[in-house]
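The primary structure of each chain is shown beneath.
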Amino acid sequence: MNIIELHGITKRFNGLVAVNDLFLNVPQGSIYGFIGPNGSGKTTTIRMIMNILYPDSGQILLFGSEHSGARLENVGYLPEERGLYKKMKVRELLRFHGELKNGKNLGHEIDFWLKKMELSEWAERKVETLSKGMSQKLQFITTIIDQPSLIILDEPFTGLDPVNAEVIRMAVLELQKNGATVIFSTHDMNMAENMCDYIFMIYKGNKVLDGTLASIKDIYGADTLRIQCEKGMDALQGIPGIEVINNFGQMQEIRIEAGADSQKILAKIMSRTKVSRFEVTRPSLNDIFIRIARPVKTQEEHA
Amino acid sequence: MRKIFILARREYRTAVRTKSFIIGLLLAPVFMGGSLIAFALLKDKVDLTEKHIAVIDHSGIMADYLLQAVEERNKTEIFDPEKKEQVKPVYQLEIIHPDTAEMQQLRIDLSERVRNKQLHAFIEIGPEIIHPGDNPEKSRIKYYSENSAMDAVRDWFSWPINNRIRQLRVEELDLKEEAMKDLFNWINLDGLGLITVDRKTGDVQDARQISIGETIIVPYIIVFLMFMMVMMSAIPLLTAVMEEKMNRIAEVLLGSVTPFQFMMGKILGSIAVSLTASAVYVIGGIITARYLNVGNMIPYDVLPWFFTYLILNIIMVGSGMAALGSACNDNKDASALQFPAMIPMILPLFVMMPVIQEPLSSFSTGLSLFPPFTPMLMLLRLATPVTIPVWQPLAGLAGVIIFSVLSVWAGGRIFRTCILMQGQKPKFVNLVRYVVRG
């Protein structure tokens, strides 16, 4: 069963198309990653799913039916730009959000999540006394305090240190295990690759990728070589069959041209320098993202 | 509705728990009544330094009489009859014989003496004060001092001078002293209310004396209380909504509530805050008035109207303020909009006096039936001792209800569009477009 179905939704702002004729199905119990460059339409799509914005055309089904203008009790939403009432105490704030969402057993849930997020000591302090990381964890709790069956997180990991990001990641996985469907948008491709059952990429308002990670990578095939060699970039210049080289310093990632032979390329490199690592692989999600969005700064086109 | 109550409860708790609310609650009446209290405390603090007054008597009939009158005053009038303390300053009179050739120089010299504090004032009495002739200049009595408009000395001298003039005019008529006694007995018209009949018992209640307090002060206080409540609870919604938009609290809440619920929650919270504060003031006012034995001045029949109009006024103004707040992006936008948005609240204050003077005039009736002004001006008319036709407050109420619904509807449409919109300046044309298109 699909928890969310988008049927040809389009949204324009002042004549500019923000989201164009988008179709998307989010299966129950899945983690769906929304990726795409800034301004590509992720947040607009999420806001339309949340009924905060209305599409100009198309249909949105949540839990199998339309809910125009209404707020559903069992949906948790963490917007990208988020703020909290700074003068409220942590526990008071959680209870306020829990009551707004009609949450059950709030006292127990608040204690459980404060403990899980290591915020119990701060329960009676004002929100303004929390650090940025703590505030973000508190934001996360306000989103899921009523145990929603659909959780929509817009950039939940932005600004978090690795330890706190891991805490949130584990919490999301646990919520999914307990039956929740999770949508989250992110710029962290590693996080998306590690967590998501499905990936959806939107670029300039259009859907450019949609499917499981494996199915997406299958489209691109094993066209990527990872190489570590003594001479680094110098050894890779002018070799036929190389389309693009991504230089990571200690390691280079090469995309080969369609039909090129990876073994011949390896032989050529070995004739120039000592190779310590050579791997034929499928492109990473990060590479796929860059291929579509093409931010040229991080790569060097092979002439 | 449940969500609106939860939002309103948070707004209310946040507002009433702040120190500024409690301090404001206590300080507002102090500021309002401060000048009255200061006046009451300071009215007995009269300057007791001796006052020298020069008199130039062109008529030749006033100088001796004034010397006697001042002497008499210094003996009897300047002491408190019970405490025997001096409560008024001694006057010292200096009679100056007019030198008609150098009058202007004399006036200049005397003015200089006033400036040097040797004199308090000087009086110049015209030559034809008993029988003013064709030249009005000759029958004038001029009082020169540094602050002659508000001067107790000037007020006092009016009496002996006019008594003397009257006395001389009467003497010319050759009337007997006894016949003359009542001649100047001026009888004031006592201002009374109307006679009422108790509907239950049939008892006739005599008309009460209507004081200036009931006619002017009570209506003023009630309308100012309304103004203060709206200023305290509805006007700040503009900056509150703007801040929640800028701090990105709005979008978090919009995940759980609709924009309309969000706006109404804030308005309902404001109503609760203003009802709390006004209840404190009204109860405090009633207790104080009873303590001061002026409890009969409180128009109890107006209080239900006060609370009804207050609630509707906050809905009306609050929805406008919340909508404008949602359209603002920073404090600059908010402060630019705040004053124009307050104009419908401020304008009724300017017309209070004419409305109090003639509550039944077509001017007063018309303005009080214009919905943005109705809560303040209809209330003002109701609070005066005059009975206004029963249909008028009801028609005003209907107008305000319709206007409030329209205001909430239009405000809701602006709010819904603007609350997540960043970087757009709140232009009037755009706001109208949001209302029309939604």
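Residues numbered from 1 in each chain as written. Chains lettered and ligands numbered in written order. Predicted model: local features only at pLDDT ≥ 70, side-chain atom pairs only at ≥ 80, totals over all residues.

A few points about the overall build of chain B
When helices and strands are counted, chain B shows 17 helices and six strands. Taken against the 2.2 N^0.38 rule, which gives 22 Å for 438 residues, the C-alpha radius of gyration of chain B at 31 Å runs more than 25% over that of a compact globule. Projecting the C-alpha coordinates of chain B onto the three principal axes gives extents of approximately 95 × 65 × 50 Å. Put simply, chain B has 438 residues, and 31% of those count as buried. Across chain B, contacts joining residues at least 24 apart in sequence account for 73% of those joining residues at least 6 apart. (Helix = DSSP H or I, 4+ residues; strand = E, 2+ residues; numbered from the N terminus. Rg over C-alpha atoms; globule rule 2.2 N^0.38 Å. Buried ≥ 20, exposed ≤ 12 C-beta atoms within 10 Å, placed from the backbone. Contact = placed C-beta atoms within 7 Å.)

Quick word on the overall build of chain A
Scanning chain A from N- to C-terminus turns up nine helices and 14 strands. Taken along its principal axes, the extent of the C-alpha atoms in chain A is 70 × 45 × 35 Å. The 303 residues of chain A split such that 39% are buried. Across chain A, every contact between residues at least 6 apart in sequence was considered, and the portion connecting residues at least 24 apart equals 69%.

Things to note about the environment of Thr387 of chain B
Positionally, Thr387 of chain B belongs in the loop between α15 (374-383) and α16 (391-418). Separated by 193 residues in the primary sequence, Thr387 of chain B and Leu194 of chain B place their C-alpha atoms 9.9 Å from one another.

What to know about the interface of chain B and chain A
If you look at the interface, chain B gives 15 residues, while chain A gives 17 residues. At the level of secondary structure, the elements contributing two or more residues to the side of chain B that touches chain A comprise α1 (2-17) and α9 (249-254) of chain B. By residue class, the composition of the side of chain B that touches chain A is six nonpolar, five polar and four charged. (Nonpolar A, V, L, I, M, F, W, Y, C, P; charged D, E, K, R; others polar.)

Some details on the sheet that holds strand β4 (residues 141-145) of chain B
All names here are of chain B. Ordered by their spatial adjacency, four strands build an open sheet running β2-β1-β3-β4, and the pairing between neighbours is mixed. Lying at the two open borders of the sheet, with one neighbouring strand each, are β2 (91-96) and β4. Along the sheet, successive strands turn relative to each other by an average axial angle of 20°, direction set aside. The sheet strands contacting helix α3 (residues 63-76) are β1 (51-57) and β2, and the helix crosses β2 at an angle near 170°. (Pairing = 2+ DSSP bridges. Axes fitted to C-alpha atoms, helices over the stretch in contact; angles between N-to-C directions.)

Some details on helix α3 (residues 106-116) of chain A
Residue and element names in this part refer to chain A. For α3, the full list of buried residues reads Ile110, Trp113 and Leu114. Within α3, the buried residues cover an arc of 100° as seen down the axis, which keeps them to one side. Summarising the geometry of α3, the exposed residues directed more than 90 degrees from the buried face are His108 and Lys115. Those residues of α3 that are buried lie in contact with α2 (90-100) and α4 (132-144). A positive backbone phi angle near 55° is found at Glu118, which sits one or two residues after α3. (Arc of directions from axis to C-beta.)

So, the packing of α1 of chain B against helix α10 (residues 259-291) of chain B
Residue and element names in this part refer to chain B. Packing of α1 against α10 brings their axes to within 7 Å, and their N-to-C directions diverge by 45°. With respect to each other, α1 and α10 are oriented oblique. The hand of the α1/α10 crossing is right-handed. Here Lys3, Ile4, Leu7, Ala8, Glu11, Tyr12, Ala15 and Val16 of α1 come into contact with α10, specifically with Gln261, Phe262, Met264, Gly265, Lys266, Leu268, Gly269, Ala272, Val273 and Thr276. Here the contact of α1 with α10 is built from residues that sort into eleven nonpolar, four polar and three charged. (Parallel < 35°, antiparallel > 145°, perpendicular 65-115°, else oblique. Left-handed = near helix turned anticlockwise from the far one by under 90°.)

Thoughts on the sheet that holds strand β5 (residues 75-78) of chain A
Residue and element names in this part refer to chain A. Strand order in the open sheet formed by six strands is β5-β6-β7-β3-β8-β9, with mixed pairing between adjacent strands. Of all strands in the sheet, those with a lone pairing partner are β5 and β9 (206-212), marking the two edges. Sheet twist, expressed as the mean angle between neighbouring strand axes with direction ignored, is 10°. With respect to the sheet, helix α7 (residues 213-220) is in contact with β8 (198-203) and β9, its orientation differing from that of β9 by roughly 115°.

What about the packing of α2 of chain A against α3 of chain A?
All names here are of chain A. It is at 10 Å that the axes of α2 and α3 come closest, and there the two elements cross at 130°. In this view, α2 runs oblique relative to α3, as classed from their interaxial angle. Judged by the twist between their axes, the crossing of α2 over α3 is right-handed. In this structure, α2 contributes Arg91, Leu94, Arg95 and Gly98 to the contact, and α3 contributes Leu106, Glu109 and Ile110.

Here's the deal with the pairing of β5 of chain A
Residues and elements named next belong to chain A. A two-sided burial pattern is seen for β5, the buried positions comprising Val75 and Tyr77 on one face and Gly76 and Leu78 on the other. Examined bridge by bridge, β5 and strand β6 (residues 150-154) share four bridges and lie parallel to one another. Bridge pairing in β6 links Gly76 to Ile151.

Some words on the domain arrangement of chain A
Domain assignment breaks chain A into domain 1 (2-217) and domain 2 (222-281). A separation of 40 Å is found between the C-alpha centroids of domain 1 of chain A and domain 2 of chain A. (Domains from an automatic or database assignment.)

Comments concerning the confidence of the model for chain B
Looking at chain B, pLDDT values average 84 and 94% of them are 70 or higher. What the predictor reports for the complex is a pTM of 0.74 with an ipTM of 0.77. (pLDDT = per-residue confidence, 0-100.)

Structural notes on the nonpolar core
If you look at the biggest cluster of nonpolar residues, it comprises 132 residues, and the most contacted ones within it are Ile152, Ile199 and Phe200 of chain A together with Met226, Leu238 and Leu379 of chain B. It is helix α11 (residues 303-327) of chain B that contributes the most residues to this core, 13 residues altogether. In this structure, Leu238 of chain B is in contact with Met321, Leu324, Gly325, Ala334, Leu337, Gln338 and Ala341 of chain B, ignoring residues within four places of it in sequence. Residues Ala54, Val55, Met62 and Phe157 of chain B belong to the second largest nonpolar core, which totals 19 residues. (Core = buried A, V, L, I, M, F, W, Y, C linked by C-beta atoms within 7 Å.)

Side note on the confidence of the model for chain A
Of all residues in chain A, 96% have pLDDT values of 70 or greater, and the mean over the chain is 86. Of the regions scoring below 50 in pLDDT, residues 296-303 of chain A engages in twelve contacts with residues more than four places distant in sequence or in other chains.

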